[in-house]
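# Coordinate analysis (summary)
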Number of protein chains: 2
Amino acid sequence: MKAATVRSRPNPRRRSAEILAAAAQVFAERGFHGASTQDIADVLGIRQASLYYYFDSKEAALEEVCARGAEGYAEAAAAVAASTGTAADKVYRLIDAHLSPMLDRAAFVMVFQRERRYLPKDSRRRVGRFSRNYERIVESVLKAGVAAGEFRRDLDCRLCALALLGMGNAATHWFNKEPGVTVERLATEFTRLLVDGMTKAPRPPLRRVAA
Amino acid sequence: MKAATVRSRPNPRRRSAEILAAAAQVFAERGFHGASTQDIADVLGIRQASLYYYFDSKEAALEEVCARGAEGYAEAAAAVAASTGTAADKVYRLIDAHLSPMLDRAAFVMVFQRERRYLPKDSRRRVGRFSRNYERIVESVLKAGVAAGEFRRDLDCRLCALALLGMGNAATHWFNKEPGVTVERLATEFTRLLVDGMTKAPRPPLRRVAA
DNA sequence: GAAAAATTCTATAGGTTTATAGACAAAGAA
DNA sequence: TTCTTTGTCTATAAACCTATAGAATTTTTC
C-alpha cells in the first residue's frame with residue numbers, strides 16, 4: 001500500500017481525500033455506529049468493498065477523520081496564548097479560532113466532537129490527551145488574564161474554560177441551521193457574554209428590579 | 001399485555017423501570033447504534049429475547065428513554081419564567097433546573113441529548129418541537145430581563161439562550177469526571193459568567209492592560 | 001391451592017455488516 | 001509496448017443483530 005519507491009507520487013492521495021471526506025460526512029450525519037461502509041460507498045458511487053483499498057477498517061477511517069477534525073486546535077490556541085494583547089482580546093481570538101474550522105471542515109470537526117469516544121482504546125487515549133492539552137491552553141489564557149489583573153481574582157479558570165469550550169462546541173449543533181450566524185458574530189457575542197463575567201467587576205451588586 | 005380488569009395493578013412497572021434504566025445506561029455508554037440489545041440484557045442478567053416483553057423494538061426503547069430524559073425541563077423552565085424575581089435570579093434558577101436532572105437520571109438525560117437524533121422520524125419531530133419550546137422559554141426569560149431594563153437592550157437573546165443551554169449541556173461531559181463539581185457550584189459560576197455579560201453595563205470600555 | 005398474570009427461557013429465522021480474496025481495468029513510466 | 005501502480009469490481013465468508021414464536025417458570029390474586 002505504501003510505495004517504497006524513491007520518488008513517484010504524482011498525485012498523492014487526491015482520491016484518498018475524497019474518500020475521507022465522504023466518510024466524515026456520513027459519520028457526521030448518522031453517527032459512527034449508525035453509518036455503514038455501504039453508506040460511505042453510496043456517497044462516492046463505488047462498491048462497498050472498494051473502500052478497503054483506502055483504509056484497513058471502519059475504525060481506522062474514524063481515526064483519520066478524527067485526526068483531521070482535531071487538527072490545528074492546540075496550535076492555534078497556543079499561538080493566541082503566546083501572543084500579546086489584552087486577555088479579553090485573546091478570549092475573542094480563542095473563540096474565533098475554535099469556531100473557524102467549522103467553515104471548511106464541519107463534518108470532520110463534528111465527528112471528532114461526537115464520535116471520538118468510539119475510537120479504539122489507543123487512539124482514544126491519544127485524542128484524550130490532545131483535548132486535555134487544548135483545554136489546558138485555554139485555561140492558561142484565562143489564568144494569565146487573572147495574573148495580569150484583568151480578570152477577577154476568584155475566577156474559576158478551569159470551569160470557565162470548560163464553559164467557553166462547551167459554548168463553542170454547542171455551536172456545531174445550530175451553526176448551519178440558525179439564520180444569519182457567522183463565526184465573527186458568534187465570537188463577538190460569546191466574547192461579550194463571557195468577558196464581562198470574568199472581568200474584575202467594579203459593578204454594583206445585583207440590583208433588585210422593581211416590577 | 002394491558003390487563004383489562006377493573007382494578008388489579010399492585011406494582012405497575014417496577015421491573016419495567018429497571019429494564020428502562022438498563023437501556024438508558026447502555027445507550028449512554030455506547031451510543032444507541034453502538035449498543036446491542038444483548039448488551040442491555042447482560043446488564044440485567046437476562047436473555048436478549050426477554051427484553052422484547054418490555055418493548056416492541058430497540059427504537060421504542062430509545063423513545064421511552066428519551067422521553068424520560070426530556071421530562072420536566074419545559075415545565076421547570078416555565079415555572080421559573082412565570083415566577084417573580086430579578087432576571088439574574090431567574091437565570092440562576094434556569095441553569096440550576098437544567099443541571100439538576102443530572103443528579104438522579106444522568107443516563108436518561110445524556111441519551112436524550114446525544115441519541116435523540118436516531119429516533120424514528122415521528123418521535124424525532126416530537127422531541128424537536130419539545131426542545132424548541134424549551135429554548136423559547138429560556139429565551140423569553142432573557143427577553144423579559146431586557147424588557148425590564150435589567151439586561152442590555154442589544155442583547156441577542158436567541159444566541160444567548162443557545163449559549164446558556166450549550167454551556168449547560170456540555171456539563172454532562174464532565175459532570176462526574178471533574179472533582180468537586182456540584183450543581184450549585186456550576187449554576188453559581190455559570191450565572192456569574194453570563195449575567196454580567198448580559199447586564200446593562202455601566203462599565204468602562206475594555207481597558208488595555210500594560211504588560 | 002388453583003387460576004391468572006407476569007416474567008423469563010430456548011430456539012431460530014432473516015437481515016445486515018465488516019472484511020478478505022482475487023480478478024479486472026485504466027493510466028502513467030520505462 | 002510492457003511493466004507497475006492505482007483504483008475498482010465480483011463474490012463471499014463469518015460474525016452479529018433484531019425480532020418472533022412458543023414453552024416454561026415464577027409471582028400474584030382469588
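Please refer to the structure placed before this passage.
Since this is a predicted model, take the numbers as computed values, not measurements.

About the cut-offs
Residues numbered from 1 in each chain as written. Chains lettered and ligands numbered in written order. Predicted model: local features only at pLDDT ≥ 70, side-chain atom pairs only at ≥ 80, totals over all residues. Heavy atoms only, no water. Patch = residues over 30% accessible without salt bridge, like charges linked within 9 Å, V, L, I, M, F, W, Y side chains within 5 Å. Areas by Shrake-Rupley, 256 points an atom, 1.4 Å probe, with all protein chains shown as cover. Salt bridge = Lys/Arg side-chain N within 4 Å of Asp/Glu carboxyl O. Lys, Arg positive; Asp, Glu negative; His and termini not counted. Charge placed at Lys NZ, Arg CZ, Asp CG, Glu CD. Helix = DSSP H or I, 4+ residues; strand = E, 2+ residues; numbered from the N terminus. 1 Å grid on protein atoms, 1.4 Å probe; cavity = no way out; pocket = protein on both sides within 12 Å on 5 of 7 lines; lining within 4 Å. Points joined across faces, edges and corners; volume = space filled by probe spheres on them. Nonpolar A, V, L, I, M, F, W, Y, C, P; charged D, E, K, R; others polar. Least-squares fit on C-alpha atoms with pLDDT ≥ 70 in both. Contact = heavy atoms within 4.5 Å. Near = heavy atom within 4 Å. Polar contact = N/O pair within 3.5 Å; in protein donor to acceptor, adjacent residues only side chain to side chain. Buried < 20%, exposed > 50% of the residue type's maximum accessible area, 1.4 Å probe, protein only. Buried area = accessible area lost by both parts, 1.4 Å probe. Phe/Tyr/Trp six-rings, centres within 6.5 Å; stacked < 30°, edge-to-face > 60°. Axes fitted to C-alpha atoms, helices over the stretch in contact; angles between N-to-C directions. Parallel < 35°, antiparallel > 145°, perpendicular 65-115°, else oblique. Left-handed = near helix turned anticlockwise from the far one by under 90°.

### Remarks on a positive patch on the surface
On the surface, K121, R124, R125, R126, R129 and R132 of chain A cluster together into a patch of positive charge. Secondary-structure assignment places R126 of chain A in helix α7 (residues 121–147).

### As for empty space enclosed by the protein
Residue and element names in this part refer to chain A. The final tally for this structure, using the stated rule, is three cavities of 30 Å³ or more. As a volume, the largest cavity reaches approximately 40 Å³. What lines the largest cavity is S16, I19, L20, Y54, F55 and E64. The residue makeup of the lining of the largest cavity, split by class, is four nonpolar, one polar and one charged.

### Quick word on the relation of the copies chain A and chain B
Between the two chain copies there is a screw-like relation: a rotation about an axis and a shift along it. Relative to chain B, chain A is turned by 180° and slid 0.0 Å along the rotation axis, the superposed coordinates differing by an RMSD of 0.0 Å. Here the symmetry operator amounts to a two-fold rotation axis. Counting the interface residues of chain A, we find that 100% of their copies in chain B are interface residues as well, pointing to one common contact surface.

### Overview of the protein's contact with DNA strand C
Close to DNA strand C lie 16 residues; T37 and Y52 of chain A together with R47, Y53 and Y54 of chain B are nearest. A breakdown of the atoms of DNA strand C within 4 Å of the protein gives sugar and phosphate a share of 63%. A distance of 2.8 Å separates a phosphate oxygen of DNA strand C from a polar atom in the backbone of K58 of chain A. Its residues assigned to classes, the surface near DNA strand C comprises seven nonpolar, five polar and four charged.

### Brief notes about the pattern of salt bridges
All names here are of chain A. Counting across every chain of the model gives 24 salt bridges over all chains. Between E139 and R158 there is a salt bridge, with its nearest N and O atoms 3.7 Å apart. Of this pair, E139 sits in helix α7 while R158 sits in helix α8 (residues 157–174), and the two are 19 residues apart along the sequence. Taking the relative accessible area as the measure of exposure, E139 reaches 11% and is therefore buried. Residue D154 pairs with R152 through a salt bridge whose shortest N-O separation is 2.9 Å. The class for D154 is partly exposed, based on a relative accessible area of 45%. A relative accessible area of 6% means that R152 is categorised as buried.

### Notes on the interface of chain A and chain B
A common way to express how large an interface is: the accessible area buried when the components associate. Contacts between the two partners involve 50 residues from chain A and, on the opposite side, 50 residues from chain B. Carbon and sulfur atoms make up 57% of the area that chain A and chain B hide from each other, which totals about 4000 Å². In this assembly, chain A and chain B are joined by 10 salt bridges. Across the pair E189 of chain B and R152 of chain A runs a salt bridge, and its minimum N-O distance is 3.8 Å. At the surface where chain A touches chain B, the tally comes to 10 residue pairs in polar contact (both at pLDDT 80 or more). Of all the elements in the fold, those that place two or more residues in the side of chain A that touches chain B are α1 (14–30), α6 (101–115), α8 and α9 (183–198) of chain A. Top contributing element to the side of chain A that touches chain B by residue count: α9 of chain A, with 11 residues. Considering only residue class, the side of chain A that touches chain B consists of 23 nonpolar, eight polar and 19 charged.

### A few points about the packing of aromatic side chains
Residue and element names in this part refer to chain B. In total, this model carries 10 aromatic pairs over all chains according to the counting rule given. Ring geometry for Y73 versus Y134: centroids 5.6 Å apart, planes at 70°, classification edge-to-face. Residue Y73 is found in helix α4 (residues 73–82), and its partner Y134 is found in helix α7 (residues 121–147); the two are separated by 61 residues along the sequence. Note on Y73: relative accessible area 8%, which makes it buried.

### Thoughts on the packing of helix α4 (residues 73–82) of chain A against helix α5 (residues 87–99) of chain A
Residues and elements named next belong to chain A. Packing of α4 against α5 leaves a shortest axis separation of 9 Å and a crossing angle of 165°. As the angle between them shows, α4 and α5 are arranged roughly antiparallel. For the pair α4 and α5, the crossing hand works out as right-handed. Of the residues in α5, those touching α4 at Y73, A76, A77, V80 and A81 are K90, R93, L94, A97 and H98. The residue inventory of the contact of α4 with α5, partitioned by class, reads seven nonpolar, one polar and two charged.

### Quick word on the side chain of S131 of chain A
Within the secondary structure, S131 of chain A is located in helix α7. Here S131 of chain A is in contact with F112 and R116 of chain A, once residues within four sequence places are set aside.

### As for the side chain of K90 of chain B
Note that K90 of chain B resides in helix α5 (residues 87–99). No salt bridge is formed by the buried K90 of chain B; its nearest oppositely charged neighbour, E150 of chain B, is found at 8.0 Å.

### Considering the environment of R126 of chain A
Among the residues examined, R126 of chain A registers a relative accessible area of 46% and is labelled partly exposed. R126 of chain A sits 44 residues away from A82 of chain A along the chain, and the two C-alpha atoms are 24 Å apart.

### Observations regarding the environment of R30 of chain B
Here R30 of chain B shows up in helix α1 (residues 14–30). By relative accessible area, which is 40% here, R30 of chain B ends up partly exposed. Each C-alpha atom of the pair R30 of chain B and R124 of chain B lies 20 Å from the other, and the pair is 94 residues apart in sequence. Residues within four places of R30 of chain B in sequence aside, it is in contact with H33, R117 and Y118 of chain A together with A35 and D39 of chain B. Only 3.3 Å separates the side chain of R30 of chain B from the side chain of D39 of chain B, close enough to count as a polar contact.

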